[in-house]
Amino acid sequence: MNICMIGAGYVGLVSAACFSEFGWTVTCVDKDPQRLAELKDGKSPIYEPGLDDLLQRNMAAGRLLFTDNLGPAAKNADVILLAVGTPMRRGDGYADLSYVYAAVEEIAPHLKGFTVIVTKSTVPVGTSREIERRLRAARSDGDFAICSNPEFLREGSAIQDFMHPDRVLVGTDDERAKDVMGRLYQPLALRSAPVMFVGRESAELAKYAANAFLALKISFINEIADLCEQVGADVQELASAIGKDRRIGDKFLHPGPGYGGSCFPKDVSALIRTARENKSPVSLIEQVQRVNDERKIAMAHRVEAAAGGSVRGKTIAILGATFKPNTDDMRDAPSLIIVPMLQERGATVRVVDPQGRRQAEPLLPGVTWSESALEAAAGADVLVTVTEWNEFRALDLKAAKAKMRGDVLVDLRNVFTAELAHAAGFRYSAVGRKPEE
Ligand code: NAD
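Residues numbered from 1 in each chain as written. Predicted model: local features only at pLDDT ≥ 70, side-chain atom pairs only at ≥ 80, totals over all residues.

**So, the packing of helix H5 (residues 98–107) against helix H6 (residues 127–138)**
Packing of H5 against H6 brings their axes to within 10 Å, and their N-to-C directions diverge by 30 degrees. As far as their axial angle goes, H6 and H5 are roughly parallel. As for the relative orientation of H5 and H6, their crossing is right-handed in sense. On H6, the residues that touch Val100, Tyr101 and Val104 of H5 are Thr127, Ile131, Arg134 and Leu135. When its residues are assigned to classes, the contact of H5 with H6 shows five nonpolar, one polar and one charged. (Axes fitted to C-alpha atoms, helices over the stretch in contact; angles between N-to-C directions. Helix = DSSP H or I, 4+ residues; strand = E, 2+ residues; numbered from the N terminus. Parallel < 35°, antiparallel > 145°, perpendicular 65-115°, else oblique. Left-handed = near helix turned anticlockwise from the far one by under 90°. Contact = placed C-beta atoms within 7 Å. Nonpolar A, V, L, I, M, F, W, Y, C, P; charged D, E, K, R; others polar.)

Pasting the structure below:
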């Protein structure tokens, strides 16, 4: 099977590499010259565990190619997957579909033979229908079907998620497209991940509903965590208790500084917009968004309070900048709110992140970058965990405390325990646990 993947970002690159691992021939098209240069050198332009190996192996086998030349790749393809970005549109919060429609316009002249065109990008309900309308207008002679195939992988475990999905969702009514999509994912059927065929609108909306539900779970536990602090309960005890109930489940019950990343904030926003436009507002999800926006701001206030009411003239060491561990992605990371707020209030901020510096540096002006947590801690008044990278979990708190000027540890990810922190001489504040008297 010949596959053309448009967009070599987090989703396009991982999916392309995994499809080539199945044995398919995949040509990945991107417009970013720097990204392409790195890829042609066998290096991943993004950090994703295991991706370099997968790329190198399949490139060496001649099954995975990178190009900026769409024409030949599209002409020879049985399947063309759109994996371009759909960021939040400035001004109204709707999904910006300009990259999607630009790519559709570019492929139109090259379609040859029956081709299945797949939206792997997260697109608002109705987009596949609109793509079809545009393509039919451009190519009345064309033989193609448009499917929705939303991607559910998570950055940081993207390869594992792609190879072992809970489900593969395909939205189409076209029988020929069903056959092609069934074959495309056939290798996963051996791992008992059958393709679920649904209507296009259901597939498109399901992706937004899934992300909104997960965002809701996070905002829920964050509010419960605040309540725990007020009444002397421990949110982690509570989360494991309620998580045992299979109707609730134990995932996504970890309180923290609010959700971020390239998907939840923009997808929640786009869903709200779609719902309003269709006169069926999702007021619950609107509240989720509000709670999350306020959460990030509250985290900066929390650091300020832990520092004695003011951070002016203080040095704050921030452990972790990316929105979660095992990725270099900085899109909508809580650190982008917390760090500037601390700087505005007069703090000197140091940041350490195992993989995020390249993306974070232009977004966090005025911070000093450290190579390690211990280096960041040296001379600092306050230590704050913002992202729970494993190497921070393993931090020697006694050694960190010994290097610091102050003794405050604000643990926004509940990486440590009060016992460990106290034993190291810290005044410790965590999320969802009763604050120290
Ligand atoms: P990204 O920004 O990392 O990558 C998009 C890539 O597309 C870029 O490399 C860009 O240069 C390229 N591109 C844009 N227009 C192009 C064109 N006309 N021709 C060729 N290349 C083009 O985006 P991403 O994070 O991979 O997300 C892609 C889509 O997948 C989005 O809709 C997103 O919501 C969805 N998604 C993302 C994730 C995730 O974890 N990142 C998970 C599930 C779904």
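That shown, we press on.
**So, the UniProt feature "binding site: substrate" (unreviewed entry) in the protein chain**
The sites that carry the UniProt feature "binding site: substrate" (unreviewed entry) are, in the present numbering, Phe152, Leu153, Arg154, Glu155, Lys207, Phe252, Leu253, His254, Pro255, Gly256, Gly260 and Lys324. A maximum C-alpha distance of 23.6 Å among these annotated residues, which run over 173 residues, shows that they spread across the structure rather than meeting at one spot. As for its placement among the helices and strands, Phe152 is situated in the loop between strand E6 (144–148) and helix H7 (158–163). If sequence neighbours within four positions are ignored, Phe152 has contacts with Asp161, Pro165 and Ala210. Along the chain, Phe252 turns up in the loop between helix H11 (235–243) and helix H12 (264–277). Among residues more than four places away in sequence, those in contact with Phe252 are Leu214, Lys217 and Ile218. (UniProt positions renumbered as here; feature names shortened; annotations may be inferred.)

**Some remarks on the sheet that holds strand E10 (residues 348–352)**
Here six strands make up an open sheet; going across it, the order is E11-E10-E9-E12-E13-E14 and the pairing parallel. Sheet topology places strand E11 (368–369) and strand E14 (427–430) at the edges, where each strand pairs with a single neighbour. The sheet contact formed by strand E13 (residues 408–411) and E14 spans four bridges and is parallel. Bridging from a neighbouring strand, Val408 pairs with Arg427 of E14. (Pairing = 2+ DSSP bridges.)

**Observations regarding the domain arrangement of the protein chain**
The assigned domain composition of the protein chain is domain 1 (2–198) and domain 2 (199–437). Taken over C-alpha atoms, the centre of domain 1 sits 32 Å from the centre of domain 2. Contributing elements (two or more residues each) for the side of domain 1 that touches domain 2: H6 and strand E7 (168–171). Of the residues that constitute the side of domain 1 that touches domain 2, the class distribution is 16 nonpolar, eight polar and five charged. (Domains from an automatic or database assignment.)

**What about the environment of Met5?**
Considering the arrangement of structural elements, one finds Met5 in strand E1 (residues 2–6). Classification of Met5 as buried rests on a count of 29 C-beta atoms within 10 Å. As for Met5 and Ala241, which are separated by 236 residues in sequence, their C-alpha atoms are 44 Å apart. Look past the residues within four positions of Met5 in its chain and what remains in contact with it is Gly12, Ser15, Ala16, Val26, Cys28, Val29, Leu81 and Ala83. (Buried ≥ 20, exposed ≤ 12 C-beta atoms within 10 Å, placed from the backbone.)

**Section: the site of the ligand**
The full set close to the ligand counts 27 residues, and Gly7, Gly9, Val11, Ser121 and Thr122 are the nearest of them. Breaking the shell around the ligand down by element, the ones donating at least two residues are helix H1 (10–22) and H5. The element best represented in the shell around the ligand is H5, accounting for four residues. When the residues that make up the shell around the ligand are grouped by side-chain class, the tally is twelve nonpolar, eight polar and seven charged. (Near = placed C-beta within 6 Å.)

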